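Take a look at the letters that make up each chain.
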Amino acid sequence: MSDRTDRYLEISLLKRQVVCRAKLLDDLAPRTCAAVWDALPLAGDVYHAKYARNEIYALFPPFADREPPLENPTVTPIPGDLCYFSFAGTELATSAYGYDREVRPDTTVVDLALFYERNNLLLNGDVGWVPGIVWGQVVSGLDEMAAACNDLWRTGAAGETLRFRRA
């Protein structure tokens, strides 16, 4: 999509008042970028990864007319990657994941994630490899966001909101 102007968004942890800026990867994940862009702004309770390591994310009801295909996939996200995942509720609706109040077995859930440090591996002991769609890359503010994410890991995510909005 070389004729398209670059698009950017802000990712925020509202309670911690931390913001980073990311560029959409329209050339590598055009359908995913279009789906997310059209749905913005999005905000929800933040979670810190249990399996993937250095990841924060929020869960949303599906917002695209059709789920994007697995474009620009990875199982080893790097710092600053924004990833999109889609899960059937049956994959997440157990108390082991901690979403049993928010996720129902008969639903689909979209997970928008930000990876803030190295050495991530998208391998889940219950289901195996979980490839994500890399649809954005943080271009500024990652150091501050990583510090806030580490604080979230150590002190807890309760009461914190992860927001994605157009920049």
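Our structure's up above, just so we're on the same page.
Residues numbered from 1 in each chain as written. Predicted model: local features only at pLDDT ≥ 70, side-chain atom pairs only at ≥ 80, totals over all residues. Heavy atoms only, no water.

## Observations concerning helix α3 (residues 142-155)
- Given a rise of 1.5 Å per residue, 14 residues ought to cover 20 Å, and the 19 Å separating the end C-alpha atoms of α3 matches this to within 8%.
- Regarding α3, the residues found buried are L142, M145, A146, A148, C149 and L152. Along the long axis of α3, the arc covered by the buried residues comes to 165°, so they all point the same way. Projecting away from the buried face of α3 at angles above 90 degrees are the exposed residues D143, R154 and T155. (Helix = DSSP H or I, 4+ residues; strand = E, 2+ residues; numbered from the N terminus. Expected span 1.5 Å × (residues − 1). Buried < 20%, exposed > 50% of the residue type's maximum accessible area, 1.4 Å probe, protein only. Arc of directions from axis to C-beta.)

## Thoughts on the pairing of strand β7 (residues 81-88)
- Within β7, 6 of the 8 residues are buried, which leaves the element mostly enclosed by the surrounding structure.
- Across 4 bridges, β7 lies against strand β11 (residues 132-140) in antiparallel orientation. Bridge assignment links L82 to a residue of β11, and that residue is G136. (Pairing = 2+ DSSP bridges.)

## Observations concerning the packing of aromatic side chains
- A complete count under the given rule lists 4 aromatic pairs for this structure.
- When the centroid spacing of 6.1 Å and the interplanar angle of 90° are considered together, the rings of F63 and Y84 count as edge-to-face. Linking F63 in the loop between β5 (55-60) and β6 (73-74) with Y84 in strand β7, this pair joins segments that are 21 residues apart in sequence.
- The class of F63 is partly exposed, set by a relative accessible area of 22%.
- The buried category is assigned to Y84, whose relative accessible area is 2%.
- Ring geometry for F85 and F87: centres 6.0 Å apart, planes at 15°, overall stacked. The same class applies to F85 and to F87, which are both buried.
- Directly above the aromatic system of Y8 lies the positively charged group of R21, at a separation of 4.5 Å from the ring centroid. (Phe/Tyr/Trp six-rings, centres within 6.5 Å; stacked < 30°, edge-to-face > 60°. Lys NZ or Arg CZ within 6 Å of the ring centre and 35° of its normal.)

## As for the nonpolar core
- By size, the foremost hydrophobic cluster in this structure holds 35 residues, and its most contacted members are I56 and W135.
- No other element matches the 6 residues that α3 contributes to this core.
- The contact partners of I56, leaving out residues within four places of it in the chain, are L13, V46, Y47, H48, L112, A113, L114, Y116, M145, C149, L152 and L162.
- Counting 15 residues, the second largest nonpolar core, distinct from the first, contains L25, F85, A113 and V130. (Core = buried A, V, L, I, M, F, W, Y, C linked by side-chain atoms within 4.5 Å. Contact = heavy atoms within 4.5 Å.)

## Remarks on the environment of S140
- Tracing the backbone shows S140 in strand β11.
- With relative accessibility at 35%, the residue S140 sits in the partly exposed group.
- For the pair formed by S140 and G80, sequence separation is 60 residues and the distance between their alpha carbons is 9.1 Å.
- Beyond its immediate stretch of four places on either side in the chain, S140 contacts C20 and R21.

## Points about the pattern of salt bridges
- Inspection of the entire model under this criterion finds 5 salt bridges.
- Across the pair K23 and D6 runs a salt bridge whose closest N-O atoms are separated by 3.6 Å. One end of the pair, K23, is in strand β2 (residues 18-24); the other, D6, is in the segment before β1 (8-13), and 17 residues separate them in sequence.
- Here D151 makes a salt bridge to R16, at a shortest N to O gap of 2.9 Å. In this pair, D151 sits in helix α3 while R16 sits in the loop between β1 and β2, placing the two residues 135 residues apart along the sequence.
- When salt bridges with common partners are traced through the structure, they connect R16, D151 and E160 into a single cluster. (Salt bridge = Lys/Arg side-chain N within 4 Å of Asp/Glu carboxyl O.)

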